[in-house]
Amino acid sequence: MSSTASSVPDFDAVEAQVKEALRRCSPSTIEAALQYRRANDFSRLPLVIFGIVERYVDPALRPQLAAAGVDDLRVVEDLGLDSLTIMEIVMLVEEVALVTISNNDLRELRTLGDIKVFVDCRARGVEPPKPPKRFDSEAILAVMPIQPPFLFLDDACVSPTQATATYRITGEEPFLKGHFKGNPIMPASLMLEALGQLGVFHLLNGLVSEPGKRVDPGSIFFASTDGVRCSRICRPGDVLALTLKPKRIKAPLVTFEGYIRVEKEKAVSVEEITLTFGLVDDVVPSEPEALPIKSPPTSAT
Amino acid sequence: MSRVFITGLGFITSIGNDSVAVESSLREFRHGFVSYEPFQKANIPVKVLAPVRDFSTTSVDPEDWTIPAPYVVKREVLRSMGPNALYAMCAMQQAVADARLQPEDVSNDDTGLYAASAGSPAIMARYLNRLHEQGPMRCHPLSVVACIAGSVQFNLVAGFKIKGASTGFSSACASSAHALGFAHDEIKLGRQKRMFVVGAEDGDADTILPFASMRALSLNPDPATASRPFDKNRDGFVGTGGGTVLVLESEEEVLRRGVTPYAEVLGWGQASDGHNVAISHPEGLGLANAMRRALAAAGLAPGQIDYVNAHATSTPIGDASECHALRAVFGDYAARVAVSSTKALTGHGLSLAGAMETGFCALALRHGFMPGSAHITELDPACAGLNILRATESVAPGLVLNNSSGFGGANVCVALGRAG
């Protein structure tokens with residue numbers, strides 16, 4: 001009877017290689033990496049990625065990583081990592097987690113959360129979630145029931161779990177002449193309005209799906225809001241970065257939480273903003289009617 | 001046509017990491033040679049090298065390097081640098097402070113940077129080995145920037161936000177002299193108001209040992225006598241590395257900023273031997289022509305020159321060629337013009353040599369001395385008819401020539417004068 005000797009991987013060599021690769025990371029990162037490699041423990045991966053990112057973040061910016069909402073931290077804007085540093089991070093992640101990340105994949109990884117989700121899916125051999133869809137101002141104008149001069153979305157990005165957008169306060173907005181006189185400041189109510197409009201956009205781009213039905217643009221209205229805090233005065237030239245995440249969806253209501261940042265500062269945070277919406281039949285465009293064939297004129301002789 | 005002045009110096013060398021230390025080493029004949037630890041192997045017949053002091057750049061990982069105060073270099077900057085670019089960056093910080101330049105003087109459309117370095121052979125070797133063993137995607141994305149020639153200007157132009165003219169020069173041991181000549185032209189022709197001239201080399205085993213098998217390196221194991229240009233028993237050059245930065249400015253800038261220059265760059269000349277890839281022309285044909293062209297460009301007669309900083313590296317053939325060239329150019333005056341090679345104290349810095357030795361000439365012109373040619377026990381008869389200085393003279397030179405020659409027979413001569 002032949003026995004198949006099970007091949008026990010030489011873990012000492014793996015351990016040495018992982019410790020060497022991660023030698024400038026925290027001990028907890030190294031431990032998590034070893035647990036992952038030893039036992040295929042995927043739950044350790046987010047810690048490994050966090051530890052690798054932390055190692056490359058400028059010591060002055062590291063405190064950001066200790067704050068809440070870490071997954072939303074944008075690697076470029078918030079953590080100050082340039083594209084070359086992101087390549088360094090990706091290389092180390094590839095080496096330690098044994099995954100491959102292509103250039104296309106790389107482009108879509110904007111936040112710490114994006115990286116964690118992506119690497120986790122890759123490691124499990126699962127298809128990573130589709131990258132969020134991006135929309136420019138033309139695409140937004142085409143679908144929104146709200147239009148200039150009352151539209152506060154310049155570009156947007158939508159995924160199943162959140163929507164983001166930007167709006168640059170130009171200074172030409174008509175209401176700024178009066179708010180305040182001689183001191184143009186974006187009204188807080190309109191910053192809340194912008195978040196609501198992003199919610200409208202999200203509703204019109206797949207947030208709610210029911211077979212044979214779509215959200216009716218003419219049916220979306222503001223219902224309520226709670227827990228609104230404003231912490232920054234926003235002026236012409238500021239670019240508002242809006243983020244909105246659905247909390248509860250139960251037709252005809254959808255409740256979001258969201259916030260607005262300008263560069264790295266938080267300007268507005270909203271615990272809840274609720275919109276109502278209605279659905280209509282998704283009308284499939286019918287075949288164009290066949291044109292009647294005119295009988296050729298008979299020549300009268 | 002604008003006049004061109006040297007207004008700032010920065011040195012990271014085997015004989016000192018600032019002007020004060022360098023000048024005192026030149027005056028007092030303090031050399032930078034040691035019995036170099038990486039050479040103490042049975043199959044390496046070369047034993048001596050002049051290393052840069054206080055920096056340690058041997059580790060594969062730049063984050064483990066030792067960089068002495070007051071220099072601080074962030075990881076994001078270090079990751080694309082070899083030792084030569086690091087030395088150059090520190091020398092540039094020194095030179096900017098020495099010239100009392102503000103950030104807006106450094107970063108503007110009219111300020112450029114010309115550099116010279118062979119790149120980093122050590123990093124190139126490690127990088128290619130890793131590429132072949134583990135595949136190209138496992139190599140650091142910026143290693144290529146750290147190892148190829150041009151690395152110095154890639155890093156310094158980015159690091160100092162240089163917006164004017166920038167490029168690198170590749171003429172082996174004449175490289176930074178070429179950089180200086182062309183930088184001078186940028187200002188003279190009114191294309192730039194200020195130019196940084198940078199020479200740098202790693203100066204480690206991987207940079208120097210490739211010269212061993214062509215028998216160009218001294219096999220003398222005694223650090224005190226191995227490098228001895230013009231000595232009868234010289235047997236080859238001794239290597240060194242480091243970085244030197246010269247700040248060149250137009251006359252208008254000098255007046256506007258109210259600074260006192262070290263020296264004026266009066267003109268330069270270049271000519272080639274057309275002879276051999278590695279051996280200089282026996283009569284120093286190209287070097288003689290380079291010197292004549294420099295004199296003509298500066299509007300000077302040979303008899304007006306007080307001192308020549310020779311290229312002379314301590315090789316039997318090279319030093320002799322230069323002696324021929326000097327006699328041919330100076331004629332009857334050859335017995336009076338003072339000549340020395342400072343490579344007797346520093347070693348040969350390859351791409352670094354031209355800029356470094358012009359820096360020494362600038363110090364000599366400003367502070368009134370002529371460096372001697374050290375380590376000569378018995379003068380080579382080939383030097384007959386020449387005035388090789390055996391000791392440093394505290395006599396202020398007024399007009400100086402600096403020679404540099406490189407592989408393929410490239411020769412550059414720069415004419416310098418006392419400022420003001």
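Residues numbered from 1 in each chain as written. Chains lettered and ligands numbered in written order. Predicted model: local features only at pLDDT ≥ 70, side-chain atom pairs only at ≥ 80, totals over all residues.

Caption draft 1: Looking closely at the overall build of chain B. Tallying secondary structure elements over chain B gives 14 helices and 13 strands in all. Projected onto its principal axes, the C-alpha coordinates of chain B cover approximately 65 × 55 × 40 Å. Out of the 420 residues in chain B, the part that is buried amounts to 58%. Counting contacts in chain B only where the partners sit at least 6 residues apart, residues at least 24 apart contribute 79% of the total. (Helix = DSSP H or I, 4+ residues; strand = E, 2+ residues; numbered from the N terminus. Buried ≥ 20, exposed ≤ 12 C-beta atoms within 10 Å, placed from the backbone. Contact = placed C-beta atoms within 7 Å.)

Caption draft 2: The arrangement of the environment of Ala396 of chain B in detail. Residues and elements named next belong to chain B. Structurally, Ala396 is set in the loop between strand 11 (387-388) and strand 12 (399-406). You can call Ala396 partly exposed: it has 15 C-beta atoms within 10 Å. Here the alpha-carbon distance between Ala396 and Arg256, two residues 140 residues apart in the chain, equals 27 Å.

Caption draft 3: Just the sheet that holds strand 9 (residues 307-309) of chain B, in detail. Residues and elements named next belong to chain B. Spatially, the eleven strands line up as an open sheet ordered 5-4-6-7-1-8-13-12-9-10-11, and their pairing is mixed. Two strands lie at the open edges of the sheet, namely strand 5 (166-168) and strand 11, each paired on one side alone. Relative to strand 13 (residues 410-418), strand 8 (residues 263-272) runs antiparallel, the two being bridged by nine bridges. Paired with Trp268 across the two strands is Val414, which belongs to strand 13. Contacts from helix 3 (residues 83-98) reach strand 1 (4-12), strand 6 (194-201) and strand 7 (242-250), with the element oriented near 130° to strand 1. (Pairing = 2+ DSSP bridges. Axes fitted to C-alpha atoms, helices over the stretch in contact; angles between N-to-C directions.)

Caption draft 4: Geometry of the sheet that holds strand 2 (residues 155-158) of chain A. Residue and element names in this part refer to chain A. Within the open sheet, the seven strands sit side by side as 1-2-3-6-7-8-5. Their pairing is antiparallel. The sheet is open, and its two borders are formed by strand 1 (133-135) and strand 5 (221-230), each paired with just one other strand. When strand polarity is set aside, the average angle formed by the axes of neighbouring strands in this sheet is 20°. Two strands pair when backbone bridges link them, and strand 3 (residues 163-168) and strand 6 (residues 239-250) are joined in this way by six bridges, in the antiparallel orientation. Bridged to Ala163 within strand 6 is Leu244. Helix-sheet contacts for helix 8 (residues 188-207) involve strand 2, strand 3, strand 5, strand 6, strand 7 (253-262) and strand 8 (265-276), and the interaxial angle to strand 8 is about 55°.

Caption draft 5: Highlighting the pairing of strand 4 (residues 111-116) of chain B. Residues and elements named next belong to chain B. With six of six residues buried, strand 4 is to be regarded as a mostly interior element. The two faces of strand 4 match: Thr111, Leu113 and Ala115 on one face and Gly112, Tyr114 and Ala116 on the other face are all buried. Relative to strand 6, strand 4 runs parallel, the two sharing six bridges. Paired with Gly112 across the strands is Met195, a residue of strand 6. In terms of strand pairing, strand 4 meets strand 5 through three bridges, oriented parallel. Across the sheet, residue Ala115 finds its bridge partner in strand 5, namely Gly168.

Caption draft 6: Summary view of the packing of helix 2 (residues 27-39) of chain A against helix 3 (residues 45-56) of chain A. Residue and element names in this part refer to chain A. Following both chains from N to C, one finds helix 2 and helix 3 inclined at 140°, their axes separated by 8 Å at the closest point. What the angle tells us is that helix 2 and helix 3 run oblique. As helix 2 runs across helix 3, the sense of the crossing is left-handed. Judged by residue contacts, Ser28, Thr29, Ala32, Ala33 and Tyr36 of helix 2 engage Leu45, Leu47, Val48, Gly51 and Ile52 from helix 3. (Parallel < 35°, antiparallel > 145°, perpendicular 65-115°, else oblique. Left-handed = near helix turned anticlockwise from the far one by under 90°.)

Caption draft 7: Summary view of the pairing of strand 7 of chain A. Residue and element names in this part refer to chain A. Sheet topology note: the strand 6/strand 7 ladder contains ten bridges and is antiparallel. Bridge assignment links Leu244 to a residue of strand 7, and that residue is Gly258. Where strand 6 folds back on strand 7, the antiparallel hairpin that results is connected by two residues. Bridge count for strand 7 against strand 8 is nine bridges, and the pairing is antiparallel. Its bridge partner being in strand 8, Arg261 is matched across the sheet by Lys266.

Caption draft 8: Main features of the domain arrangement of chain A. For chain A, the assigned domains read domain 1 (11-124) and domain 2 (133-281). The gap between the C-alpha centroids of domain 1 of chain A and domain 2 of chain A is 32 Å. (Domains from an automatic or database assignment.)

Caption draft 9: Spatial organisation of the interface of chain B and chain A. Counting residues at the interface gives five residues for chain B and six residues for chain A. Considered class by class, the residues forming the side of chain B that touches chain A number two nonpolar, no polar and three charged. (Nonpolar A, V, L, I, M, F, W, Y, C, P; charged D, E, K, R; others polar.)

Caption draft 10: Structural context of helix 4 (residues 83-97) of chain A. In this model helix 4 of chain A runs 20 Å from its N-terminal to its C-terminal C-alpha over 15 residues, within 8% of the 21 Å that 1.5 Å per residue would give. Taken together, the buried positions of helix 4 of chain A are occupied by Thr85, Glu88, Ile89, Val90, Leu92, Val93, Val96 and Ala97 of chain A. Contacts made by the buried residues of helix 4 of chain A are with helix 1 (11-21), helix 2, helix 3, helix 5 (103-107) and helix 6 (112-124) of chain A together with helix 2 (75-78) of chain B. Among the residues trailing helix 4 of chain A, Leu98 of chain A stands out with phi positive, at a value near 55°. (Expected span 1.5 Å × (residues − 1).)

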